[in-house]
Amino acid sequence: MSLQSNRRTWGRSTRPVTAELAAVLVALVALSVWQYVAREFLIPAVGFAPGGPGFEAVDSLLVAGGITGGLLLVGVVAVVVVYTRVRNVAVGIALPSTDSVPTVVAAVLAPVALVTATKLVGTLTGTTYSALLLRSYGPAATVEHFVSMTVLTLFVGVPTLVLVCQVLVQGSVRRVVDGDTAVALTTLVGGFLLVDASGGLDVLPEFGRTVGAGLFVAAIAVALYGTERFERSWVRYLSVLPVAILLGGTVVAGIAAVETVPEVLFVGVKLAVIGVAASTYDRTDSLLVPAVVYASFLASSEAVVYVFEIGVQS
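### Side note on the overall build of the chain
Consideration 1: Helices and strands together make up the secondary structure of the chain, namely eleven helices and zero strands.
Consideration 2: Each of the 314 residues in the chain was classed as buried or not, and the buried ones make up 45%.
Consideration 3: Long-range contacts, defined as pairs at least 24 residues apart, comprise 78% of the intrachain contacts of the chain with a sequence gap of at least 6.
Consideration 4: Of the accessible surface of the chain, which amounts to about 15500 Å², a share of 69% is contributed by carbon and sulfur atoms.

### Things to note about helix α7 (residues 179-194)
Consideration 1: The terminal C-alpha atoms of α7 lie 21 Å apart, and with 16 residues this matches the ideal 22 Å at 1.5 Å per residue to within 8%.
Consideration 2: Among all positions of α7, only Ala182, Val183, Leu185, Thr186, Thr187, Val189, Gly190, Gly191, Leu193 and Leu194 are buried.
Consideration 3: A distance of 3.2 Å separates the backbone nitrogen of Asp180 from a side-chain oxygen at the start of α7, and that oxygen is part of Asp178.

### With respect to the packing of aromatic side chains
Consideration 1: Applying the stated rule across the entire model yields six aromatic pairs.
Consideration 2: A ring pair is formed by Tyr137 and Phe146, whose centres lie 6.2 Å apart and whose planes are at 70°; its orientation type is edge-to-face.
Consideration 3: Looking at Tyr137, the relative accessible area reads 1%, which means it is buried.
Consideration 4: Residue class for Phe146 comes out buried when judged on its relative accessible area of 16%.

### Observations regarding the confidence of the model for the chain
Consideration 1: Model confidence for the chain is summarised by a mean pLDDT of 84, while 86% of its residues fall at 70 or above.
Consideration 2: Here residues 1-12 is a poorly scored stretch, pLDDT under 50, and it has 15 contacts once near neighbours within four places are set aside; other chains count.
Consideration 3: Scored below 50 in pLDDT, residues 50-59 makes 13 contacts in the model with residues more than four places away or belonging to other chains.

### Structural notes on the side chain of Ser172
Consideration 1: Looking at where Ser172 falls in the secondary structure, it is placed in helix α6 (residues 143-173).
Consideration 2: With residues near it in sequence (within four places) discarded, Ser172 still touches Glu20, Val24, Tyr83, Arg87, Val89 and Val167.

### Looking at the pattern of salt bridges
Consideration 1: Going through the model one piece at a time under the given rule, you end up with six salt bridges.
Consideration 2: Between Arg135 and Glu302 there is a salt bridge, with the nearest N and O atoms lying 2.2 Å from each other. You can see Arg135 sitting in the loop between α5 (129-133) and α6 and its partner Glu302 sitting in helix α11 (residues 288-309), a full 167 residues away along the chain.
Consideration 3: By relative accessible area, Arg135 is classed as partly exposed at 26%.

Definitions and cut-offs
Residues numbered from 1 in each chain as written. Predicted model: local features only at pLDDT ≥ 70, side-chain atom pairs only at ≥ 80, totals over all residues. Heavy atoms only, no water. Helix = DSSP H or I, 4+ residues; strand = E, 2+ residues; numbered from the N terminus. Buried < 20%, exposed > 50% of the residue type's maximum accessible area, 1.4 Å probe, protein only. Contact = heavy atoms within 4.5 Å. Areas by Shrake-Rupley, 256 points an atom, 1.4 Å probe, with all protein chains shown as cover. Expected span 1.5 Å × (residues − 1). Polar contact = N/O pair within 3.5 Å; in protein donor to acceptor, adjacent residues only side chain to side chain. Phe/Tyr/Trp six-rings, centres within 6.5 Å; stacked < 30°, edge-to-face > 60°. pLDDT = per-residue confidence, 0-100. Salt bridge = Lys/Arg side-chain N within 4 Å of Asp/Glu carboxyl O.

Dropping the structure here:
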């Protein structure tokens with residue numbers, strides 16, 4: 001097959017993915033706008049600004065966190081529902097079949113195993129899990145406090161992660177590629193948007209990450225146009241240069257931000273969690289299973305910090 005034929009085949013297979021990712025980015029921008037509106041206007045308006053008088057007046061952490069998290073979650077659900085209706089994205093809302101029981105069991109156990117391995121490596125190297133997660137419990141923290149924090153984390157984190165990773169990203173790209181490719185793309189895109197060198201798994205991408213993803217999609221579009229429209233090799237190579245620069249810069253920045261072996265492992269664990277969630281969704285076509293993956297990871301992370309590191313500052 002000639003070089004020209006290869007370029008045309010690659011262009012035909014990649015252009016739909018670029019279009020799908022561009023549509024996802026539009027939804028992510030809408031989510032960023034909603035985050036800003038909720039945090040700067042809506043939450044303070046109902047008297048629950050973090051650290052403000054609203055929180056001092058609320059006796060129950062669950063009530064305060066439920067209202068603030070609920071406000072944020074309502075907007076996320078609304079954006080995703082509109083997106084799926086407008087773009088006709090299929091959503092797997094059925095319960096998993098009995099044949100999927102091994103997959104469900106793996107969805108529960110895999111994140112626990114990953115968190116346990118990270119804790120063990122951290123213990124051997126002198127790095128606390130709370131330092132990786134950037135979450136700690138004071139020595140006076142009670143079981144009720146731990147349960148409240150875990151419930152709130154799951155209440156906001158699980159549905160938001162499922163909506164962003166499985167419905168927006170995976171639901172979009174699997175319209176134009178096979179299941180394995182969709183899983184890989186979901187892991188890469190989700191990792192770029194939600195995985196940082198420190199801290200837990202972000203439930204929504206920062207606006208800067210969304211902008212970076214937009215630049216990458218634009219760079220892919222430039223590369224496609226250059227490789228398909230121009231015959232001169234130097235022009236084609238030049239059109240691919242923005243993609244190479246963005247990829248290289250992301251890798252270098254990621255390496256520079258990671259300082260210890262446990263941090264490297266924890267970044268890999270968070271990527272693995274997104275990958276496991278994407279793989280189980282592809283196998284079962286049920287959003288319940290990736291929800292179990294995220295819930296298992298978030299809950300086991302909270303448990304490790306509370307049970308083994310209470311009183312240790314992150």
